Structures are given as C-alpha cells and as structure tokens.
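# Structure at a glance
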Amino acid sequence: MFEFSERLKALPPYLFVELDRKKAEARARGVDVIDLGVGDPDLPTPSHIVEAGKRALEKPENHRYPSSAGLPAFREAAAEWFARRFGVKLNPATEVVTLIGSKEAIAHFPLAFVNPGEVVLVPTPAYPVYHIGTLFAGGETYYLPLLAENDFRPELARIPEEVLSRAKILWLNYPNNPTTAVVTREWLAEVVSFAREHGLIVAHDAAYSELYYEDYLPPSILEVPGAKEVAIEFHSLSKTYCMTGWRIGFAVGNPELVKGLLTVKNNVDSGCFQAVQEAGIAALSGPQDCVAEHRRIFDERRRVMLEGLRRLGFEVYPPKATFYLWVRVPEGYTSAEFCARLIEEAGIVVTPGNGFGSPGEGYFRIALTVGKERLEEALTRLASLNL
C-alpha cells in the first residue's frame, strides 16, 4: 500500500476530472450529451499553422532535445506579436520564455519565488491552478473574492496588512475565467502601483486576451508604465489559435521573473517540441484573419445564448470577452444541484460555479465550444425543464 504525499492529499478534486466522469456516466446511459463544460474550442487549428507543423516534423534537427527557453525564432515572433498587439517592446533573449502551454508555467511559477509559509494572493472563483501551484510550492493561499458588486475585481485595499507583509505573488486573470469580467488599463495601473508599494509580484494570466467583442480591446498589464518592474504575463496559443492540444505559449515581462521561471523549467522539463514551436511561429507571424474569424464565430454563439437564456429568465453577466457565459442558477438550487439536474434530465454539461471557489456558489459556467445548432438544441432542452 503506497500513501500519497501530504501535498497530494491537500489537493481538492480537480474540477474537470469530475466533469469527465459525469459525462462518461451519462453517455453510458445512452444520453446525447451537449458538452458546455470544458473550455476546449471545437474549431480546428487554422490550416497554415498545421502545414507549418507538418513541414517542421520532417526536419531531423527538430527531433532532438529543445532548449527550455525555446527557439530564439519563436521568442522573437512572440516579441514581435506583442509589439504589434500591445505596443510594448520586449527583449526576446531576456523578457520572453517559451512555455509548454501556459498551464505548466502557472503551476511552476510559484516554485521560483515562494518559500514555505509565504502568501500568494489568489482570486476566487478562478482557474484552480493558481492555488495548486501555490500548494506545491509550500505557500499559503489567501483568497480574494471576486463578487458581482465589484464587477468581479478583487478589493486590494481590504487585504489585511499582516497578510500583505508575507505576500509574494498576486495572481490576476483578465479577461476572466470563469466570470468573463474585463478590466481597463487604468485599473491595471492601480494594481501596478499597489504591487510596487507592497513589494508584490503581479502574475497576470492573459490566456483570453484575443477573444473579445463589441468595442472592448483587452489591455496587457505591461502597457502600464513601470509594470515591467513587478509583472510577468502569461499568454497561450491555445484559445487564440485553437491549439489546445499542441501545448505552446509564452511568458513575458520582468527579466528576473522570466529568469526565475526559466530556472525552474530548466530543472523540470526539456522544453517545447521544436516542430510545435515552428507551428507557433506560423501562428504568431502569419495572417491573423483566422483569429478575427474565431471571434466572429464565438460572438455569434454568445449572442444566441445570451438572448436565449434571458428569454428563459436566466440572469447572465454580459461578457465582453472569453468564450464563456457566467450565469446565475435559478432560485432554490445550489450550483451543484442545478448542474446535476441539467446533465441528468437534459443531457447538458455545464460547470458549477462553486467548483472554481466558494464565491462561485449560485452560478454556473457555460463554454461556447459547440456549434450554434447544438446551442439552440441546449436552449430547447432547457426550456423543456420548466424551471
């Protein structure tokens, strides 16, 4: 009998593993499941990226160990993309590092800067990995509730001084998963000022920066003057270019923060497969009309579901970014009860809000990762429940 370590025992059940189990049970019963649970885009990777990856597979030099830092050409492509998109110049050699998807870097980053017993400030509800990375580093998570009355932004002024004195990292994620909330450059400037005052590292997960709608354009925290003194930002090609399975992203920002993350990566991974990096170069440097088309498709789905859910009486937080909807559960249900009823009686999988943290109780998240016809079918099934 082998016993798990205390750090594994302390882990909460990983939310999406539980969702997979429930989906499998429903399908085993013969249910036609409409899966609106996990944020994995259904659109294929654009063909010019796939073709670049195919060509790169044929190169023998790509079959060997890559550098943990990534190909210089990929880091240069990331820096050039960043300059075009945000107007911020980066040194590819010291301010950019290639990632095996942003999830691994988010989990690894606390290992570089957090000592046992030190505090990491983590928003909630949120992507579970901010807390998990803290736990693995021996840190202590202090949760910052994201509430509707504050537009799902943390109230930094309410963090106790005793906590701030031990805090090392402040995690942010805008556009936000799961709430879909967005922020302005002016608000990010307040965060940078707060971090400089209290000696904090700001770690900003910007995975959804390119999925925006209407008149909103998500800012980078690095657009704020002085942000490079305190901040690192994590970007992913997964959502922007529908490359979730390829596992590639990049982190940018303060050279010491980038170096710390790279030092961890040097010791725990062998870098991103170079053929995938060449596909990533094609994504970042090639035509961007595919990204605009992805936005158009997700925006159409967003409008269908917003209109349909409101017609059925649901209260929906209006998203200006991401491919999610953050929805209030009907009165009389907990998040878990309502989501269980949806899968059992309607064959619809959505994510209970409390799975992202206790302030998510009373909400559920919809991922717009199926076609419009399936979304309309989901609305029809919802209507039949007479909620």
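An account of the accompanying structure is given in this report. Please read these numbers as outputs of a predicted model, since none were measured by experiment. (Residues numbered from 1 in each chain as written. Predicted model: local features only at pLDDT ≥ 70, side-chain atom pairs only at ≥ 80, totals over all residues. Heavy atoms only, no water.)

### Here we look at the overall build of the chain
Under the convention used in this document: Comment: elements are numbered from the N terminus, with helices defined as DSSP H or I runs of at least four residues and strands as E runs of at least two. When we talk radius of gyration, it's over C-alpha atoms, and the globule rule is simply 2.2 Å times the number of residues to the 0.38. To sort residues, take the accessible area from a 1.4 Å probe on protein chains only and compare it with the maximum for the residue type: under 20% means buried, over 50% means exposed, and anything in between is partly exposed. Contacts between residues were defined by any pair of non-hydrogen atoms, one from each residue, lying within 4.5 Å. Every accessible area reported is derived by Shrake-Rupley at a probe size of 1.4 Å, with residue values counting cover from the shown protein chains alone. Note on charges: Lys and Arg go in the positive column, Asp and Glu in the negative column, and His and the chain ends are not counted at all. Positions of charges follow a simple convention, taking NZ of Lys, CZ of Arg, CG of Asp or CD of Glu.
Of regular secondary structure, the chain possesses 14 helices and 13 strands. Relative to its length of 387 residues, the chain is compact, with a C-alpha radius of gyration of 21 Å against a globular reference of 21 Å. By principal-axis analysis of the C-alpha atoms, the chain measures approximately 60 × 55 × 55 Å. Looking at the chain as a whole, 57% of its 387 residues are labelled buried. Of all intrachain contacts in the chain linking residues separated by at least 6 positions in sequence, the fraction that spans at least 24 positions is 76%. Only carbon and sulfur atoms are counted for the fraction: they give 53% of the accessible area of the chain, which is about 16600 Å². Computed over 41 positive and 50 negative side-chain charges, the inter-centroid distance for the chain is 3 Å.

### Some details on the pairing of strand β6 (residues 201–205)
Inclusion rule: Each pair of strands is called paired provided DSSP finds at least two bridges between the two strands.
For β6, a buried count of five out of five residues is recorded, marking the element as mostly surrounded by other parts of the structure. Of the two faces of β6, the one holding Ile201, Ala203 and Asp205 and the one holding Val202 and His204 are both buried throughout. With five bridges joining them, strand β5 (residues 167–173) and β6 adopt parallel strand pairing. Considered in β6, the bridge of Trp171 is made with Ala203.

### As for unusual backbone geometry
One can expect most non-glycine residues to show negative phi and most peptide bonds to be in trans. Pro175 follows Tyr174 through a cis peptide bond whose omega is -5°. On the secondary structure map, Pro175 appears in the loop between β5 and α8 (185–198). Of note, the amide linkage connecting Asn177 to Pro178 takes the cis form, showing an omega dihedral of 15°. Within the fold, Pro178 resides in the loop between β5 and α8. Positioned with a positive phi, Phe152 is a non-glycine residue whose angle comes to about 55°. Structurally, Phe152 is set in the loop between β4 (140–145) and α7 (161–164). Here the phi dihedral of Cys242 falls at roughly 55°; this positive angle occurs in a residue that is not glycine.

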